[in-house]
Amino acid sequence: MAITSSGGVLDVGGLVEQLVTLERQPIAGLKSKQQKINSKISALGMVKADLSALQTALSNLKGTSSLSLSKATSSDTNVATASGNGSAPAGNYSLSVTKLAQSNKLITKAADGYASKTSTIANTAGTLSLSSSGNTFSVTLATDSTLEQIRDAINSSSSNTSIVASIINDGSNYRLSLAAKDTGASSGITVSKTSGGTALDKFTTTASGYDTVQVAQDAEFKVDGISFTRTKNTFDDVIEGVSLTLKSADATTPKTSTISVTKDLDGIKARVGAFVDAYNKLLATTSDLRKKGGTLEADNTVLTMHQQLLDVYNTPASISGNSYTNLSQIGISFQKDGKLSLDAAALEKAVNEKPAAVQELFSDSTQGFATRLYNKAKDMLTTGGLLSARSDGLSSIVKDTQKQIDRIEDRLVTLRQRYTAQFSALDAGLAQIQQVSNFLAKQLR
């Protein structure tokens, strides 16, 4: 807002603003400097993100068994399916299944059916105790309850973790059905009456009030002739590193399948390929940032980073008893454009012929390429490392620049006050001179 003195001769506010604007000009340059540095910090953040992704890919290669990947398959997926966690030793296993794990299912007798699920059942006041899979709970029923109310009382019990109640229409009448949530022999459902009249007997197993729809049973099977039982049909504690899901069984003529664990060449190639892709992504990002006009065109930090990574790559591994010394020997090499390429066929051949040697080439604790590259990336990303130190240095410049801006702003406040006071005084003096001049002019007429 313009400030005008009481003299009214000078535009004090306008003059003050013009002078302050001139004094403010250095701030524009400082803010432009800040903006450019913040752009560099953001660009370095992109580089750090890509280097971190490369580090993650390397972490999946530097373990001593990182390439000991395997996969599990079933010869008959109608009998069982198999999946490996990558660590299972190679081998073939015979599987025969005689029983699948089942949950217990019961339904009230057909003679105890009702025309409607809202039909009242006389004299049902009392308490039922239900149990399955080690969970026991009680429900209290009101007199003249309906099937819906009995169902809801069971399902809404806060202590019930094992049984689901539902109502089934058998085509003629409505009947109460109970199903165990868990499978296995221990899922057998029992219902007893702890209080109440004979009307509740039709809802108890102790009074044979139910027909069995499905018996509670454990899975029974053999692996390489050894007998096993499990409460569930999916388990991972029989064949090391393999999860099995049983699908069908026959107690008379057992269902059979062969579970094969083989080397997962696709998984190995994918893991190595992820390293190659991550390196190339880092190269693409830095190349774009360092091109002419790029945010990091004149910043040598990323050049230093790449040189340090290349130094590791170009330093042969010296591992006792290992004929491999360079990654190019197993299909990983540089192209003319600086990117890495993967010859999948060469890698597969090396893995098949010398799996331990390939593994060591990546994961040896001192000479492995994945180990050394991972450690180099970690050093550059850690606090005080190459990239972090550069980012911290730039952030410090931004803070120092802001302090300069703040000092100028503080000085401008004082300067504005001084200019206003000076020009206001001058304006008042000029106003007095103007008054005297006007007076003399009148006297001389």
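Note that the structure is a prediction, hence the values are computed from the model and not measured. (Residues numbered from 1 in each chain as written. Predicted model: local features only at pLDDT ≥ 70, side-chain atom pairs only at ≥ 80, totals over all residues. Heavy atoms only, no water.)

**Q** Go over the overall build of the protein, please, and point to the residues and values.
**A** Secondary structure summary: the protein contains 8 helices and 19 strands in total. Taken against the 2.2 N^0.38 rule, which gives 22 Å for 445 residues, the C-alpha radius of gyration of the protein at 41 Å runs more than 25% over that of a compact globule. Each of the three principal axes of the protein carries a C-alpha extent, and together these read 135 × 80 × 30 Å. Sorting the 445 residues of the protein into buried and exposed places 39% on the buried side. Excluding contacts between residues fewer than 6 apart, the proportion of contacts in the protein whose partners are at least 24 apart in sequence is 70%. Carbon and sulfur atoms form 50% of the exposed surface of the protein, whose accessible area is close to 22900 Å². Where the 45 positive side-chain charges of the protein centre and where its 40 negative ones centre are 7 Å apart. (Helix = DSSP H or I, 4+ residues; strand = E, 2+ residues; numbered from the N terminus. Rg over C-alpha atoms; globule rule 2.2 N^0.38 Å. Buried < 20%, exposed > 50% of the residue type's maximum accessible area, 1.4 Å probe, protein only. Contact = heavy atoms within 4.5 Å. Areas by Shrake-Rupley, 256 points an atom, 1.4 Å probe, with all protein chains shown as cover. Lys, Arg positive; Asp, Glu negative; His and termini not counted. Charge placed at Lys NZ, Arg CZ, Asp CG, Glu CD.)

**Q** So what about the nonpolar core? Which residues, and what values?
**A** Ranked by internal contacts, the top residues of the largest apolar core, which has 50 residues, are Leu51, Leu54, Phe275, Leu327, Ile330, Ile332 and Phe362. Of all the secondary structure elements, the ones that give two or more residues to this core are α1 (12–59), α3 (265–290), α4 (301–313), α5 (344–353), α6 (355–363), α7 (369–381) and α8 (386–443). Among the nonpolar cores identified, the runner-up in size contains 23 residues, and Leu141, Leu147, Ile167 and Leu176 belong to it. (Core = buried A, V, L, I, M, F, W, Y, C linked by side-chain atoms within 4.5 Å.)

**Q** Could you give an account of the packing of aromatic side chains, naming the residues involved and the relevant values?
**A** Enumeration over the complete set of coordinates arrives at 5 aromatic pairs. Ring plane angle 10 degrees and centroid distance 4.9 Å describe the contact between Phe221 and Phe235, whose orientation is recorded as stacked. In this pair, Phe221 is assigned in strand β13 (residues 219–223) and Phe235 in strand β15 (residues 234–235), connecting sequence segments 14 residues apart. There is no split in this pair, since Phe221 and Phe235 are both buried. Clustering of aromatic rings is evident, with ring pairs tying together Tyr279, Tyr313, Phe334 and Phe369. Above the plane of the ring of Tyr324 lies Lys354, whose end atom (NZ or CZ) is 5.4 Å from the centre. Over the face of the ring belonging to Phe369 we find Arg372, whose NZ or CZ atom lies 4.5 Å from the ring centre. (Phe/Tyr/Trp six-rings, centres within 6.5 Å; stacked < 30°, edge-to-face > 60°. Lys NZ or Arg CZ within 6 Å of the ring centre and 35° of its normal.)

**Q** Tell me about the confidence of the model for the protein, residues and numbers included.
**A** Low pLDDT means the predicted coordinates in that region are not meant to be read closely. Averaged over the protein, the pLDDT score is 90; the fraction of residues at 70 or greater is 97%. Counting contacts from residues 1–5, a segment whose pLDDT is below 50, to residues more than four positions away or on other chains yields 11 contacts. (pLDDT = per-residue confidence, 0-100.)

**Q** Residue-level account of the sheet that holds β15, with values.
**A** Pairing is antiparallel across the open sheet formed by 3 strands, whose spatial order is β2-β16-β15. Two strands close off the open sheet at either side, each with one partner strand: β2 (80–84) and β15. Pairing of β15 with strand β16 (residues 242–246), which is carried by 2 bridges, proceeds in the antiparallel orientation. For Thr234, the partnering residue across the bridge sits in β16 and is Thr245. (Pairing = 2+ DSSP bridges.)

**Q** Explain the sheet that holds strand β4 (residues 105–108) to me, using residue names and the numbers behind them.
**A** Spatial strand order, β9-β10-β4-β12: 4 strands in an open sheet with antiparallel pairing. Two strands bound the open sheet, and with one partner strand each, they are β9 (163–169) and β12 (210–214). Strand-to-strand, the axes of this sheet are offset by a mean angle of 25 degrees, without reference to chain direction. Both β9 and strand β10 (residues 174–180) contribute to a ladder of 7 bridges, which runs antiparallel. When the bridges of β10 are listed, Ala165 appears paired with Leu178. Running at roughly 160 degrees to β9, helix α2 (residues 147–155) makes contact with β9 and β10 of the sheet. (Axes fitted to C-alpha atoms, helices over the stretch in contact; angles between N-to-C directions.)

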